[in-house]
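Here's the letter readout for the chains.
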Amino acid sequence: MSYPIDISIIVPSFNENESLPELTAWIAQVMEKEDADYEIIIVDDGSTDRSWETVKTLSEANRNIKGIRFRRNYGKSAALFCGFERARGEVVFTMDADLQDSPDELPEMRRMILEDGYDVVSGWKQHRQDNKITKNLPSKLYNATARLITGIKLHDMNCGLKAYRNEVVKNIEVYGEMHRYIPYLAKNAGFDKIGEKPVHHQKRKYGKSKFGIERFINGFLDLLSLWFLSTFGKKPMHFFGFSGLMMFLIGFLMTIWIIAAKLIHQAQHVKFRPVTEQPLFYLSLVAVILGVVLFLAGFICEMISRSSSDRNKYNIKSEIN
């Protein structure tokens, strides 16, 4: 398949006015050395500084620079999704606008896509220049959890510098805060050749980080949501139905045991506590009720899933007619 240009570089930006001229000049310098036909798509995610005026000025000076401006701040996932829709390059890159990602890494990552056959190449900030307490340690814990749940052996899942085969970005949907897990989204879409490359990480030159410690908590919750959707999204009855059935059986067996114990004590004329005075009886009733509720939830989710417009969504790798 032929593509209009060689490389698309998507740069989500939020109040990064000072860094944009330096970043685009650096990218252009690297692309000229590679003799590559390229485009830089800057997505202004509702900036409140002069970022958009800067993007317009840069675009007038360099026809390869394009801009998209949101009416308000929608988040990085929305910016990437919008950029992915418009990307025309055979290889698509994403990188942050804060100059912490080095454009010098682009040629080698492109080679890994085209020659080594990777679908996705993720950067690995092996030697981070961030605060070790607030960034490095939480990042290590976060990435260890992500590797365990996703099964993708990446050291830095959340690195903004990534390279994709064009086919990948056209077959995944990035929403909410799922930009952290694009390799996992790609894997679930059938693009499972995922690699990584150690990349140079620089200290922030202008402004300050837009992300706080809460992103690790939100990231973990998003990871659980994505894992659940990818595992049970098409078969919710397998989760809710099984859980409900197990809960119902446990409650039912506990109830039978309590009643049987009462009858045995009565037959042996042994003093026993009334059933309604036993906490276990009420726990068993709760288990039975929860079991029924979970089973019905699975049944309803199954009907919704079967009526979904993408219930038969699939990606074709190749075809012979």
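Residues numbered from 1 in each chain as written. Predicted model: local features only at pLDDT ≥ 70, side-chain atom pairs only at ≥ 80, totals over all residues. Heavy atoms only, no water.

Colleague: Tell me about the sheet that holds strand E6 (residues 162–165), and please be specific about residues and values.
Modeller: Two modes of strand pairing occur in sheets, parallel and antiparallel, and in both the strands are linked by backbone hydrogen bonds. Within the open sheet, the seven strands sit side by side as E3-E2-E1-E4-E6-E5-E7. Their pairing is mixed. For this open sheet the edge positions go to strand E3 (65–69) and strand E7 (194–198), each flanked by a neighbour on one side alone. Averaged over all pairs of adjacent strands, the angle between strand axes in this sheet comes to 20°, irrespective of strand direction. Across seven bridges, strand E1 (residues 5–13) lies against strand E2 (residues 38–44) in parallel orientation. The residue of E2 that forms the bridge with Ser8 is Glu39. Taken strand by strand, helix H1 (residues 20–34) contacts E1, E2 and E3, and its axis lies near 165° from that of E2. Across the sheet, helix H4 (residues 106–114) lies against E1, strand E4 (89–94), strand E5 (120–124), E6 and E7, angled at about 130° from E4, the strand it touches most. (Pairing = 2+ DSSP bridges. Helix = DSSP H or I, 4+ residues; strand = E, 2+ residues; numbered from the N terminus. Axes fitted to C-alpha atoms, helices over the stretch in contact; angles between N-to-C directions. Contact = heavy atoms within 4.5 Å.)

Colleague: Explain a nonpolar patch on the surface residue by residue, including any values.
Modeller: A cluster of nonpolar side chains, namely Phe242, Leu245, Met246, Leu249, Phe252, Leu253 and Ile256, defines an oily patch on the protein surface of about 650 Å² accessible area. Mapping Leu249 onto the fold places it in helix H9 (residues 236–267). By relative accessible area, which is 36% here, Leu249 ends up partly exposed. (Patch = residues over 30% accessible without salt bridge, like charges linked within 9 Å, V, L, I, M, F, W, Y side chains within 5 Å. Areas by Shrake-Rupley, 256 points an atom, 1.4 Å probe, with all protein chains shown as cover. Salt bridge = Lys/Arg side-chain N within 4 Å of Asp/Glu carboxyl O. Buried < 20%, exposed > 50% of the residue type's maximum accessible area, 1.4 Å probe, protein only.)

Colleague: I'd like to hear about the packing of aromatic side chains, residue by residue, with values.
Modeller: Counted under the stated rule, the structure contains four aromatic pairs. Relative to Phe252, the ring of Phe248 lies with its centre 6.2 Å away and its plane at 10°, an arrangement referred to as stacked. Here Phe252 and Phe248 lie together in helix H9, a separation of four residues that amounts to about one turn. For Phe248, a relative accessible area of 30% puts it in the partly exposed group. Residue classification places Phe252 among the partly exposed positions, given a relative accessible area of 41%. Centre to centre, the rings of Phe281 and Tyr282 are 5.4 Å apart; their planes meet at 75°, and the pair counts as edge-to-face. Between Lys193 and the ring centre of Tyr118, over which it is positioned, the NZ or CZ distance is 5.4 Å. (Phe/Tyr/Trp six-rings, centres within 6.5 Å; stacked < 30°, edge-to-face > 60°. Lys NZ or Arg CZ within 6 Å of the ring centre and 35° of its normal.)

Colleague: Explain the packing of H1 against helix H2 (residues 51–61) to me, using residue names and the numbers behind them.
Modeller: One way to put it is that H1 packs onto H2 with a least axis distance of 10 Å and a crossing angle of 30°. As far as their axial angle goes, H2 and H1 are roughly parallel. The interaxial crossing formed by H1 with H2 has right-handed handedness. Side by side, H1 and H2 meet where Leu20, Pro21 and Thr24 of the first sit next to Ser51, Thr54, Val55 and Leu58 of the second. Split into classes, the residues belonging to the contact of H1 with H2 amount to four nonpolar, three polar and no charged. (Parallel < 35°, antiparallel > 145°, perpendicular 65-115°, else oblique. Left-handed = near helix turned anticlockwise from the far one by under 90°. Nonpolar A, V, L, I, M, F, W, Y, C, P; charged D, E, K, R; others polar.)

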